[in-house]
Structures are given as structure tokens and as C-alpha cells.
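What the coordinates show
The primary structure of each chain is shown beneath.
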Amino acid sequence: MKFKIPESLKPVPNHYCPGCGHGIIHRIMAEAIDELGIREKVIAIAPVGCAVFGYFYWNFDTAEAAHGRPPAVATGIKRVLPDRIVITYQGDGDLAAIGGNELLHSANRGENITILFVNNACYGMTGGQMAPTTPLGYRTTTTVNGRVIDDGYPLKVCELIKDLEGVGYCERVSVEDPRNIMKAKKAIKNALKCQIEKKGFSLVEFLSMCPTGWRVSPVEAIEVVKRMKEVFPIGVFKSKL
Amino acid sequence: MRRLWKGNYALVEGAIAGGCEAYFGYPITPQNEVTEYMSVRMRELGRVFLQAESELAAINMVFGAALTGKRVMTTSSSPGISLMQEGISYLVGCELPCVVVNVQRGGPGLGNIQGAQGDYFQAVKGGGHGDYKLFVLAPSTVQEMYEMTKKAFNIAFKYRNPVMILTDGVLGQMMEPAEIEESVKCKGQSVREIEDLGWNLTGCKGRVPRFIRSLLMGEGELEDHNYKLQEKFLKMKEDLDYEEEGAEDADVILIGYGLCARINFEVYTTLRKKGLKIGYLRPKTLYPFPERRIRELARRKKKFLVVEMSCGQMVEDVKLSVNGESEVYFYGRPGGGVPEVEMIINKIEEIIR
């Protein structure tokens, strides 16, 4: 089998840490876009976080947004160019903490945009602080003895938005092994199809590895993602397809 | 046709005549008529109107639409404009054109809903983080609410920078005769087809993908970007605008913008009739500021009285322009107070004495 670089990815090395999930998610996103033949229609939003340099790797039009605001920026783009495919790529801090309001309201308006939400249970770029999605008991640089209830419960984004009428597609996947990676790619394609068919807001949540933030080896990080599923069950939460 | 218009409605017609293709806003007094009237006008013209969930979202929706090269606008009042500062800084950093209107109210904090001029510093000194300037227009009449908003879009695109229209609740709410062309009646008219401006994001069909960012981490990259922005801010002087009357032979020149300029003009005509040598100067652009003209007048030892609906903000720019060559006096009222003609006249008498 020949290993080909998707057209939607630039043939350059990335800056992600060994064992990080972003490279995998970039690749399956690029493959999904290629297979749907929409690369030239895509306008993507890179977040504030580890994926901020997405535009160095993605071979389609991309802009950067302020922390937490990609859903609002995507709304602005989609409203003036409704036939373009608008994708935001966001981490857990960006989407679920500082950007919670923009997430909720863009979902509720049924904006025809797609959010690729990378949940690695910590703030990776700033050094591994607690995220809204950090499971109880997990140690971070701001919960050194493990997250306790006083710090808040882990926020379940798919469960939170699935009942909003504007949501057309919502699925949680994981990227720790090939079987789940293939399922994750299919989820991206479904979410993009939802946008193409104008069936409303679509979101895919990826449970992803952050060995650096978690202070574990890449191999151990895979085990952590498996354990995360006890808190964040994977599956399709909603589909209007 | 000349008829009675409310300032906030005139502003909407100005935006439509200026080719505004998308509007994102959030309710706040005293600018609600803008959002409400926009919701009607933009929809009937087949343009984009969206009521955002917050000012934060509104300015970022503006950012999104601006990325595509469309003509886009938002409006708010003081507390809402404070919320937008982060987004405005990003718009400048990414060199995106847009129009932001501040129908100022009293502050600080929630303040009140009367007209005020307490946001001058925020408008002309940057406002958000980083070294930057907005092009700032200050209408003084309902007619100018229309004209300046119409013109603002061209300036924004000329410099690829946000333009702020700094007005206040009194001008927004007042009605006076104005000549306004309700030009665009039919759907879709004057909305441009999407065009390639050489920088906008439209999907990469037929060209190399583009990216727009303000994060510049490479060695020297951000410093270079800042020098480039500063050059642009200096170049904005090409569009400097002010008006003056009686300044040449005046002993004391009244300076004010927006609503205060109207009051100043009344003082000026009253005192001229009495034979006092009073001058009148009104900056129509607050950035760029008519510093050269003010310095020139200061060198001829003319004194200045700055009148503002604040505790003194623009007066600092007048002092910087005068640069110690003459005397600068101030009269102002904060928190929604409107300067009175008699008080200004008293102040002038004090100065002359």
C-alpha cells in the first residue's frame, strides 16, 4: 500500500509532540475533505491552542480566531458565503471554557458549520492546566492532587448540545488506535455531509492524547484515552442525516 | 428628499448606501434603533442581518465576514464597545476592514444611558491591546451620521483597517432635517459579487490557499508587522478632516467634536455678534487629528478652549498639538451632562480677562 499525503495537507513536518493526537486528526480531516472533493470550498478557523498553526499544515484557506471565538467567526463567514464549507478546529479550553457561549448559540442557531473538537482533557499549549473536560481525579498543573468536585465536573459537550434543535450531527470518537481512527474519519465525513446538505450545526468530539500535558509516555497516553471513555462515552449523539 | 430623520436611522441608511453587506449587533441603549432598523432594512434588501448572543460574538462575526472581503459593520454603545476591544485588536492585527459605531453613553461601568464622550481615549488611542490606531470619524449632525457612515466603508477598505464612528446617545436619538437618499430599494442591489481582493478568504479555488493571522512568532516578524502598521496609521493623514470658522483673527478658539461642536458653534456666533474675536474649530476625524493646524494657530498665540462631554480627554491631544506654544483651557461635563452655552461663555470671559 502506498502512503500518500492528502492534497488537503501540506507536505511539511508538524510541530506536535510525539504521541499527540493532533497530527492524526489533521490527517483524517484532510482525507475526509479530499474524499468529499470540497477542498477549494473550505474556509477553516484555527484556534488559540496547540493547533493555532493549523494553517501551516492545512492546504486550504484558513484564518486564526481569538480564543474561544471560532464559532462566531465561522458564523460571520458562513452567513456571507453560505455555499462555502466552514470548519472550526478547537480544543477543550477554546470550545468548552472560554468559548462556551459561542458554542451554545451557534449550535442553537443551527449554523451550518462543522466544529472539530479535540478533547485531550487539558490545556496543552500552556503547559497542561485543568480543562473543563478534565475528569475527576486527573492531575494537571492547576490540580496537582487531582481534580476534585470543587474544581467543577468534567463538561460533556456532546451531551450538552445534542438536544438543541439546531444541531444536525453530533458524535464523540477517539483516536487512540486504527479502528477508532477509521471511525473518527467517518464521523468527520458525516459532519461535513450534514453541513453540505444544510442540515444544521455539526460537531465531532475527539478524545485525544496529550502525553506532554499529562506527563505520561505516548504508550501510556493511549491507555489514558481508553479510560477517558468511562467519563466520555463514544458514539453518535444525534444525526439528522 | 429633505425630511426629519433620527440620528440612528440616518446611520443605518448611510451604511446601506455605503454598501454594507452584513450587520451583526446586540441590543444596548441608546443605539437600539440601529439594530432594529437594520433588521428590517438589511433583510428587505437581501443582505445579512444577525442578532448576536453578545457583543463579543458580534465583533467576532464581523471578523469572520471581514475575512471574506465583504463590507461589514457592527454598532454598540460604551459598555458593549468595551467588550469588543479584543476583537478590534485582532481586526487591526489581521488588517481587516470593517466599521464599528459607538453611540456613546455615560460611564464608567454601567453608567447611564445619556449621551456622553467618555470613550474618546478608547477610540483614538487604540482601546484594545497592542500598538494600534483606528480611523475615527466624529459626526456632529444627523446629516453627518448618514454621510460619515457611508464614507467609512471606503476608508476601511483603503487602509484595510477598522473605522470607528464615535458618536453619542444625543445624536443617535435626536431628530433633525437631513437629506438622505433611501437609494437602495430593490433586493440585492449594490451587493457585490464575491471578488478576489488579493488577500481575502473565499476558498482556494484556482489559487494557492491563503491564511490570515495575527500570531507572528518568528524572529523579528512581529516587529516588522508593527512598523508596517504604523506606516499605515501615518498615511491615514491623507483623509484628515476638520472645519473651522473665524480662527484666523481669533483670540480664543473653541474646539469640540460631535455634539459639543454644535454647542461651541452657538457660542461662537453669539460672541462674534457681540464683537468678540472667537474662533471655532471642529475635528471631523479624531484620528487622524488636526494637530498641524492647531500648532500653527498656537504659534500665533491664540488661546484654546476645549469643550467635551467628559472630564477632559481630547484636551490632551490639543495640548500635545499646542506643545506649550500657547494656553489650553478646558470645560466639560461627565456622565451624561451636556455643556451649557452660558457656562462656556463664562469660561471664555474668564480667559479673556
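The notes below deal with the structure included here. (Residues numbered from 1 in each chain as written. Chains lettered and ligands numbered in written order. Predicted model: local features only at pLDDT ≥ 70, side-chain atom pairs only at ≥ 80, totals over all residues. Heavy atoms only, no water.)

1. A few points about the overall build of chain A
Stated formally: The secondary structure listing takes helices from DSSP runs of H or I that are at least 4 residues long and strands from runs of E that are at least 2 residues long, numbered from the N terminus. Each radius of gyration reported is based on C-alpha atoms, and the globular scaling rule is 2.2 Å times the count of residues to the power 0.38. Note on exposure labels: buried denotes an accessible area under 20% of the residue type's maximum, exposed denotes more than 50%, and partly exposed covers the range between, all computed with a 1.4 Å probe on protein chains only. Whether two residues are in contact is decided by their heavy atoms, any of which lying within 4.5 Å being enough. Each accessible area is a Shrake-Rupley estimate made with a 1.4 Å probe; only the visible protein chains count as cover when residues are assessed. Just so you know, the count uses Lys and Arg for positive and Asp and Glu for negative, and it drops His and the chain ends. Charge positions are represented by NZ for Lys, CZ for Arg, CG for Asp and CD for Glu.
Along the backbone of chain A there are nine helices and nine strands. Its C-alpha radius of gyration of 16 Å places chain A within 12% of the 18 Å reference for a compact globule of 241 residues. Overall size of chain A, expressed as C-alpha extent along the three principal axes, is 50 × 45 × 30 Å. Counting all 241 residues of chain A, 59% fall into the buried class. A fraction of 69% describes how many contacts in chain A between residues 6 or more apart in sequence connect residues 24 or more apart. Of the roughly 9300 Å² that chain A leaves accessible, carbon and sulfur atoms contribute 58%. With 30 positive and 25 negative side-chain charges, chain A shows a separation of 4 Å between the mean positions of the two kinds.

2. Topic: the sheet that holds strand 4 (residues 114-119) of chain A
In plain terms, the rule: Pairing between strands is defined by DSSP: at least two bridges between the two strands are required. Throughout, an axis means a line fitted to C-alpha atoms (over the contacting stretch in the case of helices), and angles, computed between N-to-C directions, take values from 0 to 180 degrees.
Across the sheet, eight strands lie side by side as 9(A)-7(A)-8(A)-4(A)-3(A)-1(A)-2(A)-9(B); this open sheet has mixed pairing. With partners counted over all chains shown, the strands left at the sheet margins are strand 9 (235-239) of chain A together with strand 9 (211-212) of chain B, one partner each. On the sheet, helix 3 (residues 70-80) of chain A packs against strand 1 (42-46), strand 3 (85-91) and strand 4 of chain A and is oriented at approximately 175° with respect to strand 3 of chain A. Along the sheet, helix 9 (residues 218-231) of chain A makes contact with strand 4, strand 7 (167-174) and strand 8 (201-207) of chain A, crossing strand 8 of chain A at roughly 130°.

3. Focus: the sheet that holds strand 6 (residues 135-137) of chain B
Residues and elements named next belong to chain B. With mixed pairing, the seven strands of this open sheet are ordered in space as 3-2-4-5-7-6-13. Only two strands of the sheet have a single partner each, and these edge strands are strand 3 (48-51) and strand 13 (285-287). Going across the sheet, the axis of each strand differs from the next one's by a mean of 20°, ignoring polarity. Here strand 4 (residues 72-76) pairs with strand 5 (residues 98-104) via four bridges, running parallel. Bridge pairing in strand 5 links Ser-76 to Asn-102. Against the sheet, helix 3 (residues 55-67) touches strand 2 (22-25), strand 3, strand 4 and strand 5, its axis set at about 165° to strand 4. The strands that helix 4 (residues 78-93) touches are strand 4, strand 5 and strand 7 (162-168); relative to strand 5, the one it contacts most, it runs at about 160°.

4. Let's talk about the environment of Asn-154 of chain B
By the element assignment, Asn-154 of chain B lies in helix 6 (residues 142-159). Expressed as a C-alpha distance, the spacing of Asn-154 of chain B and Lys-319 of chain B, which sit 165 residues apart in the sequence, is 31 Å.

5. Considering the interface of chain B and chain A
Operational definition: Summed over both partners, the accessible area lost on bringing two parts together, with a 1.4 Å probe, is the buried area. Any Lys or Arg side-chain nitrogen found within 4 Å of a carboxyl oxygen on Asp or Glu counts as a salt bridge. Polar contacts, as counted here, are pairs of nitrogen or oxygen atoms within 3.5 Å of one another; within protein the pair requires one atom able to donate a hydrogen and one able to accept it, and residues that are adjacent in sequence qualify only if both atoms are side-chain atoms.
Facing the 35 residues of chain B at the interface are 34 residues of chain A. Across the interface of chain B and chain A, roughly 2800 Å² is buried in total on both sides, 64% from carbon and sulfur atoms. For the pair chain B and chain A, the number of links is two salt bridges. Across the salt bridge formed by Asp-61 of chain A and Arg-207 of chain B, the nearest N and O atoms sit 2.6 Å from each other. Remark: the boundary between chain B and chain A carries 12 residue pairs in polar contact (both at pLDDT 80 or more). Sorting the residues of the side of chain B that touches chain A by element identifies strand 2, strand 3, helix 3, helix 4 and strand 9 of chain B as the ones contributing at least two each.

6. Quick word on helix 7 (residues 178-196) of chain A
Structurally, the α-helix is built with 3.6 residues per turn, so residues lying three or four positions apart point the same way. Residues and elements named next belong to chain A. Note the following rule: To estimate how far a helix should extend, the number of its residues minus one is multiplied by 1.5 Å.
Compared with an ideal rise of 1.5 Å per residue, which puts 19 residues at 27 Å, helix 7 spans 27 Å between its outermost C-alpha atoms and is within 8% of the ideal. Residues Asn-180, Ile-181, Ala-184, Lys-185, Ala-187, Ile-188, Asn-190, Ala-191, Leu-192, Cys-194 and Gln-195 constitute the buried set of helix 7. A positive phi of about 55° marks Lys-198, the residue just after helix 7.

7. Thoughts on the packing of helix 10 (residues 291-299) of chain B against helix 11 (residues 314-322) of chain B
All names here are of chain B. Worth spelling out the cut-off: Orientation categories follow fixed angle ranges, with anything under 35 degrees roughly parallel, anything over 145 roughly antiparallel, 65 to 115 roughly perpendicular, and all other angles oblique. In this scheme the handedness of a crossing depends on how the near helix is turned from the far one: anticlockwise by less than a right angle means left-handed, clockwise means right-handed. Side-chain classes follow a simple rule in which Ala, Val, Leu, Ile, Met, Phe, Trp, Tyr, Cys and Pro form the nonpolar group, Asp, Glu, Lys and Arg form the charged group, and the remainder, Gly included, forms the polar group.
Close contact between helix 10 and helix 11 brings their axes to 8 Å; oriented N to C, the two are set at 60°. Comparing their axes, helix 11 and helix 10 come out oblique. Here helix 10 runs over helix 11; the crossing is right-handed. Here Glu-291, Ile-294, Arg-295 and Ala-298 of helix 10 lie close against helix 11, whose contacting residues are Val-318, Leu-320, Ser-321 and Val-322. The residue inventory of the contact of helix 10 with helix 11, partitioned by class, reads five nonpolar, one polar and two charged.

8. Some points on the packing of aromatic side chains
All names here are of chain B. Put simply, the rule reads: Two rings from Phe, Tyr or Trp (for Trp, the six-membered ring) form a pair when their centres are within 6.5 Å of each other. A pair whose planes differ by under 30 degrees is stacked, one over 60 is edge-to-face, and the rest are tilted.
Counting across every chain of the model gives 16 aromatic pairs over all chains. The interplanar angle of 45° and the centroid separation of 5.6 Å between the aromatic rings of Phe-265 and Tyr-268 together place this pair among those described as tilted. With a gap of three residues between them, Phe-265 and Tyr-268 both fall in helix 9 (residues 259-273), about one helical turn apart. A relative accessible area of 31% places Phe-265 in the partly exposed class.

9. What about the side chain of Asn-8 of chain B?
Residue and element names in this part refer to chain B. When you line up the elements, Asn-8 lands in helix 1 (residues 7-17). Only 3.1 Å separates the side chain of Asn-8 from the backbone oxygen of Pro-30, close enough to count as a polar contact. Look past the residues within four positions of Asn-8 in its chain and what remains in contact with it is Pro-30, Gln-31, Glu-33, Val-34, Val-103, Met-145, Leu-171, Gly-172 and Gln-173.

10. Section: the nonpolar core
As a reminder, the rule being used: Nonpolar core, defined: a set of buried Ala, Val, Leu, Ile, Met, Phe, Trp, Tyr and Cys residues in which side-chain atoms within 4.5 Å join the residues together. Start and end points for every domain follow an automatic or database-based domain assignment.
Grouped together as the largest cluster of nonpolar side chains are 141 residues, with contacts concentrated most on Leu-203 of chain A together with Phe-24 and Met-73 of chain B. With 10 residues, helix 6 of chain B is the single largest residue contributor to this core. Composition of this core by domain shows at least three residues from each of domain 1 (2-197 + 228-237) and domain 2 (242-352) of chain B. Beyond its immediate stretch of four places on either side in the chain, Met-73 of chain B contacts Leu-11, Ala-15, Cys-20, Ala-22, Tyr-23, Phe-24, Met-38, Val-62, Val-99, Val-101, Thr-149 and Phe-153 of chain B. Of all hydrophobic cores here, the second largest spans 49 residues; its members include Phe-53, Ile-85, Tyr-138 and Ala-191 of chain A.

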